[in-house]
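Chain by chain, the residues:
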Amino acid sequence: MCGFIGEFSFQESDLLSTSAFSDILALSKHRGPDATEIKRGQNFQLGFNRLSILDLSPNGNQPKQSPSGRYHVVFNGEIYNYKSLAETYQLKNLQSSSDTEVIIHLLDVIGIKKTITLLNGMFAIAIVDTEKNTFNLTRDFSGIKPLFYGVTDKGVAVASQFDQVYKHPWLKSNLQLRPSIMKEYFGFGYMQAPNTVYQSIFQVNPGEWIVIKKDKTIKKQQLISFDNVAGNQKIEDNQTATSYNELLGNVVKRQLISDVPIATFLSGGVDSPLISAHAKSNKNDVEAITLKVDDETLNESEIATSYAEALDLKQDIFEIKASEILESIDAYFEKCSEPFGDYSSLPTFLLTQHAAKNYKVMLSGDGGDELFMGYPRFRQFMAHYYLYKLPFGLRKPLVRLLNKTKISKVSAPFYYQTIGDWQMAKHLHIFPNILDEMFPGVDYSTEIKALYNFKEVTNKQTLLHSLKHNEFYAHLQRVLIKVDRSSMANSLEVRVPFLDKESIDFSWKTASSLPKHKILKKTLKDCLGQYVPKTLINKTKMGFMVPLDDWLKNQLKEDVLYHVFEIPFYGAEFLDENRIKGAVKDYYEKGLFSAWGIWHIYAWQKWAVKHVYK
């Protein structure tokens, strides 16, 4: 787990000096504090900050060159099947026991494309092919690890961090904002791949392979996708949990491989206790770390402790006060080098900071909700699916009648023409109509519109499949950004067993029984029931929440007002500044507008002050 940057120049003379390149590389030192190295070629330059996890010796350092000398590689992440790949392809003369060593040997043996498709793990990789004179970029199939790249007339700059690209000398003098992606950030609170808020700067899509040639042509290919199995799904039944538990046990066993200390996160939900249960089965002395907050309405440490006792887990309860979270806000924004509006990243930032005191690697339970239908909104969609089978003109008066007679209390089918529109509204934290007023005449990107297009929905199962696709490639991406940026700011690797390739494949091939049983995450609850008393399951989960509304109206009020009204509003020429400031006034003076929406506005300005205006 590390941070890297790379340059691929269309003209050899345009490469940055080693000193300037080192300055850009240093921005991600917190992602890899253990070793720093740079490799310079005729028309490329690769730099690497290493967080040592496998093979702690200098033999595991990067950049690495394949044995033939053809490929030069920087790689961020972990490959969990690297040992089996080395055995399958009988790789010889390995100079390191790291997974990167296996990658560079595979490139010589089977080439770039096949190597990528065989990898099971979380990864962002940049590969220079000196024979074809191409720059190759790829990213894991879930989007766990970040990969940004900027395209200019001089060449392509690539990095693990957004700021390493927009601060690169090739790009920083000509940054141009994209209004459509700004609008999406203000609504969703993050930048959805493949876009960023700047023109000419992009993200590699999950599962994508990009080939950049010296003649400036760029070819993109989606190598791995999990959503093309809707017609061959098997409905989850009583045997599903047994099968999945066996699979998950093997997944966790693979992900426990580490040359440094490793532990798990443990909350009061279902997902992290299940991962911790399998970790305990494979590593008897594994420790679980639990967050405890001083707000009883948000604290779930007692439930987590009950799980730890049932699983006979050693538990580290990290107790934190709200005042400590507030005090960390500026430090957090210093490390958050991209516009990001998920306020739950604040406690995540402090929790990973605590974990990093004793560990370099943690296992998390992220991804379970998206893969196994864990959000209550799924029930709402199921309950009102029949209304969306009616033409919009007929549906509106019917919904009004149903609400008036108290047969139904949901008004969304009245306001949103499609279930995709409704799902988008669920993910937005500023109402769509207000967002339109803030960005008059600005449409969403084609990628976002495609992501929320549910036109192929014909029954409840295809609806659930469309929702799973959307949650995986939309909402989950925000969750993964939160965990990666918060943890790597503290030099901590977080592994995500649910997002193992085999686990994802199992999920996509299993159709939810939600329409029949009305049980969210039935498979995972049945799995956990094989380890703990069922009376512990189905407790209310709070998540990593903070009393945001109270903070914004009290402790943070002065800072919010300062950044919104006193600091020049970044990108003001592309939005209705008065409407945005009016929303903030309405929040403080009339109690209108959502706290989360205010945080998105505040976080945008904090990012600009900390990283753009400097």
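For the structure, see preceding data.
Residues numbered from 1 in each chain as written. Predicted model: local features only at pLDDT ≥ 70, side-chain atom pairs only at ≥ 80, totals over all residues. Heavy atoms only, no water.

### Digging into the overall build of the protein chain
Alright, step 1. Scanning the protein chain for helices and strands turns up 27 helices and 19 strands.
Alright, step 2. In terms of overall dimensions, the protein chain has a C-alpha envelope of 75 × 55 × 50 Å along the principal axes.
Alright, step 3. Evaluated residue by residue, the protein chain yields a buried proportion of 62% over its 614 residues.
Alright, step 4. Nonlocal contacts in the protein chain, meaning residues at least 24 apart in sequence, comprise 74% of its contacts between residues at least 6 apart.
Alright, step 5. Just so you have it, the protein chain exposes about 23,800 Å², and 49% of that area is on carbon and sulfur atoms.
Alright, step 6. Charge separation in the protein chain, taken as the distance between the mean sites of 72 positive and 69 negative side-chain charges, equals 5 Å. (Helix = DSSP H or I, 4+ residues; strand = E, 2+ residues; numbered from the N terminus. Buried < 20%, exposed > 50% of the residue type's maximum accessible area, 1.4 Å probe, protein only. Contact = heavy atoms within 4.5 Å. Areas by Shrake-Rupley, 256 points an atom, 1.4 Å probe, with all protein chains shown as cover. Lys, Arg positive; Asp, Glu negative; His and termini not counted. Charge placed at Lys NZ, Arg CZ, Asp CG, Glu CD.)

### Brief notes about the packing of helix 16 (residues 419–427) against helix 19 (residues 460–473)
Alright, step 1. At their nearest, the axes of helix 16 and helix 19 sit 12 Å apart, and the two run at 35° to each other. By crossing handedness, the relation of helix 16 to helix 19 is classed as right-handed. Contacts from I419, Q423 and H427 of helix 16 reach helix 19 at L463, L467, N470 and E471.
Alright, step 2. A breakdown of the residues in the contact of helix 16 with helix 19 according to their chemical character gives three nonpolar, three polar and one charged. (Axes fitted to C-alpha atoms, helices over the stretch in contact; angles between N-to-C directions. Left-handed = near helix turned anticlockwise from the far one by under 90°. Nonpolar A, V, L, I, M, F, W, Y, C, P; charged D, E, K, R; others polar.)

### Some details on the side chain of S267
Alright, step 1. With respect to the helices and strands, the residue S267 is situated in the loop between strand 14 (262–265) and helix 7 (271–282).
Alright, step 2. A polar side-chain atom of S267 sits 3.4 Å from the main-chain amide nitrogen of G269. (Polar contact = N/O pair within 3.5 Å; in protein donor to acceptor, adjacent residues only side chain to side chain.)

### What about the environment of V165?
Alright, step 1. For V165, the position within the fold is in helix 4 (residues 162–166).
Alright, step 2. Distance in space between the C-alpha atoms of V165 and G150 is 6.2 Å, their sequence separation being 15 residues.
Alright, step 3. In contact with V165, not counting residues within four places along its chain, are F148, Y149, G150, A157, V158, A159, L171 and I201.

### Focus on the nonpolar core
Alright, step 1. Ranked by internal contacts, the top residues of the largest apolar core, which has 165 residues, are F186, L552, W599 and W604.
Alright, step 2. When residues in this core are grouped by element, the largest group, 10 residues, is from helix 27 (residues 595–612).
Alright, step 3. Look past the residues within four positions of L552 in its chain and what remains in contact with it is K557, V560, Y587, Y588, A595, I598 and W599. (Core = buried A, V, L, I, M, F, W, Y, C linked by side-chain atoms within 4.5 Å.)

### A word on unusual backbone geometry
Most peptide bonds take the trans configuration, and most residues that are not glycine carry a negative phi.
Alright, step 1. Cis geometry is adopted by the peptide bond preceding P63, which originates at Q62 and carries an omega value of 5°.
Alright, step 2. Mapped onto the elements of the fold, P63 is located in the loop between strand 3 (44–50) and strand 4 (64–65).
Alright, step 3. The residue N93 is not glycine, and still its phi comes out positive at about 60°.
Alright, step 4. Looking at the element boundaries, N93 is found in the loop between helix 2 (82–88) and helix 3 (99–118).
Alright, step 5. Its relative accessible area of 65% is what places N93 among the exposed residues.
Alright, step 6. A positive phi angle is found at S200, which is not glycine, with a value near 75°.
Alright, step 7. Counting through the fold element by element, S200 comes out in the loop between helix 5 (179–188) and strand 10 (201–203).

Note that all results are geometric; they support no functional claim without further evidence.
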